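So you can see what is in the structure, the chains are spelled out below.
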Amino acid sequence: MPDLDPSPDAEFEPWNEARGEAIIAARAGEEGATLPILHDLQAVFGFVPREAVPMVAHALNLSRAEVHGVVTFYHEYRHHAPGRHVLRLCRAEACQSLGCEALTDHVRARLNIGWHETTPDHAMTLEPVFCLGLCAIGPAALLDGQPLGRLTPARLEAELEKLS
Amino acid sequence: MTRVFVPRDAAALALGADDVARALATHANVVRTGSRGLFWLEPMIEVETPSGRVAYGPVAAADIPGLLAAGLLTGAAHPSRLGRPEDLPFLTRQTRLTFDRCGVVDPLSLEDYRAHGGLTGLERARAIGPAATIETVTKSGLRGRGGAGFPAGIKWKTAADTISDRKFIVCNADEGDSGTYADRMLMEGDPFCLIEGLAIAGFAVGARKGYVYTRSEYPHAIATFDAALKVARASGVLGPDFDIEQRVGAGAYICGEETSLLESLEGRRGQVRAKPPLPAHKGLFGQPTVINNVITLASVPVILRDGAEAYQALGFGRSRGTMPIQLAGNVKYAGLFEAGFGLTLGEIVNDIGGGSLSGRPVRAVQVGGPLGAYFPPALFDTPFDYEAFTVKGGLIGHGGVVVFDDTVDLAHQARFAMEFCAAESCGKCTPCRIGSVRGMETMDKILSGIAVDKNIELIRDLCHTMRFGSLCALGGFIPFPVMSALEHFSEDFHRARLAPAA
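Residues numbered from 1 in each chain as written. Chains lettered and ligands numbered in written order. Predicted model: local features only at pLDDT ≥ 70, side-chain atom pairs only at ≥ 80, totals over all residues.

1. What to know about the overall build of chain A
Then, in step 1: In terms of regular secondary structure, chain A is built from 7 helices and 4 strands.
Then, in step 2: Overall, chain A is about 50 × 30 × 25 Å in size when its C-alpha atoms are taken along their principal axes.
Then, in step 3: Across chain A, the fraction of contacts at a sequence separation of at least 24, relative to all contacts at a separation of at least 6, is 62%. (Helix = DSSP H or I, 4+ residues; strand = E, 2+ residues; numbered from the N terminus. Contact = placed C-beta atoms within 7 Å.)

2. Section: the overall build of chain B
Then, in step 1: On a plain count of helices and strands, chain B comes out with 22 helices and 16 strands.
Then, in step 2: Its C-alpha atoms give chain B a radius of gyration of 23 Å, within 12% of the compact-globule value 23 Å for 502 residues.
Then, in step 3: Once the C-alpha set of chain B is aligned to its principal axes, its extents read approximately 70 × 60 × 40 Å.
Then, in step 4: Buried residues in chain B amount to 59% of all 502 residues.
Then, in step 5: For chain B, the proportion of contacts with a sequence separation of at least 24, taken over those separated by at least 6, is 74%. (Rg over C-alpha atoms; globule rule 2.2 N^0.38 Å. Buried ≥ 20, exposed ≤ 12 C-beta atoms within 10 Å, placed from the backbone.)

3. What to know about the pairing of strand β6 (residues 168-173) of chain B
Residue and element names in this part refer to chain B.
Then, in step 1: Here β6 lies mainly inside the structure; 6 of its 6 residues are buried.
Then, in step 2: On β6, burial covers both faces: Phe168, Val170 and Asn172 on one face and Ile169, Cys171 and Ala173 on the other are all buried.
Then, in step 3: In terms of strand pairing, β6 meets strand β7 (residues 209-214) through 6 bridges, oriented parallel. Each bridged residue has a counterpart across the sheet, and for Val170 the counterpart in β7 is Tyr211.
Then, in step 4: As defined by bridge partners, β6 adjoins strand β9 (residues 289-293) across 5 bridges and the pair is classed as parallel. The partner of Phe168 across the bridge, within β9, is Thr289. (Pairing = 2+ DSSP bridges.)

4. A few points about the interface of chain A and chain B
Then, in step 1: If you look at the interface, chain A gives 38 residues, while chain B gives 48 residues.
Then, in step 2: Elements with a contribution of two residues or more to the side of chain A that touches chain B: α2 (34-45), α4 (64-73), α5 (93-96) and β4 (146-148) of chain A.
Then, in step 3: Per-element tally for the side of chain A that touches chain B: the top contributor is α2 of chain A, with 4 residues.
Then, in step 4: Residues of the side of chain A that touches chain B, tallied by class, amount to 24 nonpolar, 10 polar and 4 charged. (Nonpolar A, V, L, I, M, F, W, Y, C, P; charged D, E, K, R; others polar.)

5. As for the domain arrangement of chain B
Then, in step 1: As assigned here, chain B comprises domain 1 (3-92), domain 2 (110-312), domain 3 (315-405) and domain 4 (410-494).
Then, in step 2: The centre of domain 1 of chain B, based on its C-alpha atoms, is set 46 Å off from the matching centre of domain 4 of chain B. (Domains from an automatic or database assignment.)

6. Focus: the nonpolar core
As a rule of thumb, soluble globular proteins bury nonpolar side chains together.
Then, in step 1: The biggest cluster of nonpolar side chains holds 213 residues, and the ones touching the most others in it are Val170, Cys171 and Leu186 of chain B.
Then, in step 2: The contacts of Cys171 of chain B, once residues within four sequence positions are left out, are Leu194, Leu198, Gly210, Tyr211, Val212, Tyr213, Asn292, Val294 and Leu297 of chain B. (Core = buried A, V, L, I, M, F, W, Y, C linked by C-beta atoms within 7 Å.)

7. Considering helix α15 (residues 345-352) of chain B
Because an α-helix packs 3.6 residues into every turn, residues spaced three or four apart end up facing the same way.
Residue and element names in this part refer to chain B.
Then, in step 1: Those residues of α15 not exposed but buried are Leu345, Ile348, Val349 and Ile352. Looking straight down α15, one finds its buried side chains confined to an arc of 120°; they lie on one side.
Then, in step 2: On its buried side, α15 packs onto β12 (322-329), β13 (336-340), β14 (362-367), β15 (374-375) and β16 (400-405).
Then, in step 3: Among the residues trailing α15, Gly354 stands out with phi positive, at a value near 75°. (Arc of directions from axis to C-beta.)

8. Topic: the packing of helix α18 (residues 430-447) of chain B against helix α19 (residues 452-469) of chain B
Residues and elements named next belong to chain B.
Then, in step 1: One can describe the packing of α18 onto α19 by two numbers: an axis separation of 10 Å at closest approach and a directional angle of 160°. The angle between the axes of α18 and α19 places the two elements in the roughly antiparallel class. Crossing angle aside, the handedness with which α18 passes α19 is left-handed. Facing Pro431, Cys432, Gly435, Arg438, Gly439, Thr442, Met443, Lys445 and Ile446 of α18, the residues of α19 in contact are Val452, Asn455, Ile456, Leu458, Ile459, Leu462, Thr465, Met466 and Gly469. (Axes fitted to C-alpha atoms, helices over the stretch in contact; angles between N-to-C directions. Parallel < 35°, antiparallel > 145°, perpendicular 65-115°, else oblique. Left-handed = near helix turned anticlockwise from the far one by under 90°.)

9. With respect to helix α3 (residues 52-60) of chain A
Residue and element names in this part refer to chain A.
Then, in step 1: Residues Ala52, Val53, Met55 and Val56 constitute the buried set of α3. Burial along α3 is one-sided: seen end-on, the buried residues are contained in an arc of 165°.
Then, in step 2: Taken together, the buried residues of α3 touch α1 (17-27), α2 and α4.
Then, in step 3: Residue Asn61 follows α3 closely and has a positive phi angle near 60°.

10. Let's talk about the sheet that holds β14 of chain B
Residue and element names in this part refer to chain B.
Then, in step 1: Judged by pairing direction, the sheet is mixed, and its 5 strands sit side by side in the order β13-β12-β16-β14-β15 without closing on themselves. Looking along the sheet, the strands with just one partner apiece sit at the ends: β13 and β15.
Then, in step 2: Two strands pair when backbone bridges link them, and β14 and β16 are joined in this way by 5 bridges, in the antiparallel orientation. Paired with Gln366 across the strands is Val402, a residue of β16.

11. Remarks on the domain arrangement of chain A
Then, in step 1: For chain A, the assigned domains are domain 1 (17-73) and domain 2 (85-163).
Then, in step 2: Using C-alpha coordinates to define each centre, domain 1 of chain A is positioned 30 Å away from domain 2 of chain A.

12. Here's the deal with the pairing of strand β8 (residues 243-248) of chain B
Residue and element names in this part refer to chain B.
Then, in step 1: Both β7 and β8 contribute to a ladder of 6 bridges, which runs parallel. Considered in β8, the bridge of Thr214 is made with Val248.
Then, in step 2: Considered for its hand, the β-α-β crossover made up of β7, helix α11 (residues 219-234) and β8 is right-handed. (Right-handed = clockwise from strand over helix to strand, strands pointing away.)

13. So, the sheet that holds strand β3 (residues 45-49) of chain B
All names here are of chain B.
Then, in step 1: Across the sheet, 5 strands lie side by side as β2-β1-β3-β4-β5; this open sheet has mixed pairing. Since the sheet does not close on itself, it has two edges, and those belong to β2 (29-33) and β5 (81-83), each with one partner. Mean inter-strand twist for the sheet, computed between neighbouring axes without regard to direction, equals 30°.
Then, in step 2: Sheet analysis places strand β1 (residues 3-7) next to β2, joined by 5 bridges and oriented parallel. Looking at the pairing, Val4 lines up with Val30 of β2.

14. Concerning unusual backbone geometry
Then, in step 1: Residues Gly138 of chain A and Pro139 of chain A are joined by a peptide bond in cis, for which omega reads -10°.
Then, in step 2: Here Pro139 of chain A lies in the loop between β2 (124-129) and β3 (141-143).
Then, in step 3: In the Ramachandran plot, His116 of chain A falls in the positive-phi region, its phi being about 70° despite a non-glycine side chain.
Then, in step 4: Mapping His116 of chain A onto the fold places it in the loop between α6 (100-111) and β2.
Then, in step 5: In this structure, Ala451 of chain B is a non-glycine residue whose phi angle is positive, near 40°.

See below:
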């Protein structure tokens, strides 16, 4: 199963063709293997490297356009490596009813980045998410895969402080 | 050592349940469970005493030394002592069938599962045979809990009657609606129940493989369900006759639509397929496929165990059995409330939910996720039932109820609905792909006070086109939140704006 969120200070591997080939080959025999392979590539490299797209296409007997289409269709697949930490803030209605918009404005101002961006020191990537299933304890977020609930600007500040 | 039950549900973890478990580790035998679904009391821990379990909550790790000193391990008095969990009013008012074990058992203990009635539904199915199993599901009146409400038994019979040497059961665990968390709770708290439901479905229609498509936003559910699959394989519950593979989505809301989900499982962009052919005739990899939501499949074991009549006796109108209602957002008692259909929306929000968390008046309730209508308190007499909500211009969807207080701006929410549709549209049909973008732009004009009446007319016209011209429920139902906001809260659309919206 892919590691969907990097653990704190995860070190991703730099792109390596032989490593990519091995990841692809491990699941190429499965039916409908495109998404599982892309997940595995992202888990190792932090994103889906451009170089891997024709390799996946070749292994699965698909066109490069088809694989490129899949990579770009799904919000989850990244085109660049993320920062050392990833904050995924919920923007959906249940969290809106508890003031998540003020929280997201605060976070974006504090980090001085927009959605899907990484701070210049590569410490933090900010990603929006539409529902984490934590709708009873919003506003909610995942910080390096750890769920957070009932967030206020102060509570989130405290969690971010713990990282540094 | 005394057993203390500490939830490992993601919502309990978000509130510090792991720290609580660590603080208790040297003092008690800590058993991790799912959540009972009373989230304002989480982390809620339970101590096993000779007279049953005693609950305490909400408990923080810092409270543990004081609790231990007060006699936590004997169930002694303390300000956070809640008494027997079964006696909590939020639970005594429920009819827990599908969620009977959730929060009670160790989710990865098959012994616990068996001890609480697990696997008797599968045994019953095997005893009566595939045809009688489908007949039981049909007679129970069970309808698809993902939102469409299609009778499960008819879907199963269609797949069973379609001749093919390969058939599939696909479980839709792409629970993307805001305000819903029942699938997540069940997969984290009672995963064997879903496995049993899938196994019964496989037996009934003659499928040897099941897929569970879980959204990537649920890392804890994914991990727990994968661990449960390993246990089930090791013990022979799953094997050569029927096995299950979990696949993980990649952040596309549209993949909760059944044909998009099938496309995604096959390795493609999650674009909607035209129907017919129905998935029951030609579904995954072109083979007959039953595709059901998590809660639909997880409701099957208890139906087989207790019989169709017992399940059918509960409910309202054509909505039979129980529904796990998920109270979410700005509501005092946010949690999972499983009950027979038919409670009114007002009972759900005010009596069970206790009104808003902020203490301000409740102004709007969105039922059924981002495609659901915003209902004002004037519609609180609407019974929770598929047909009754349709009549009022809404839907119950997957059972999420999101409460907003009087600070909500419904014109802003209508704009968000269009923005969400624009972001999540699969792009296959024009009304949804283009309409959502034009709808967002037109809402921006309304929010900026530009030709408001003319643009409202444009929104109405656009919603009509999207409603009747879209290929699936995303473009087809996004008019529900927009039009309900316009109909019931039109003052928000005419409010003089101080500054143009972003």
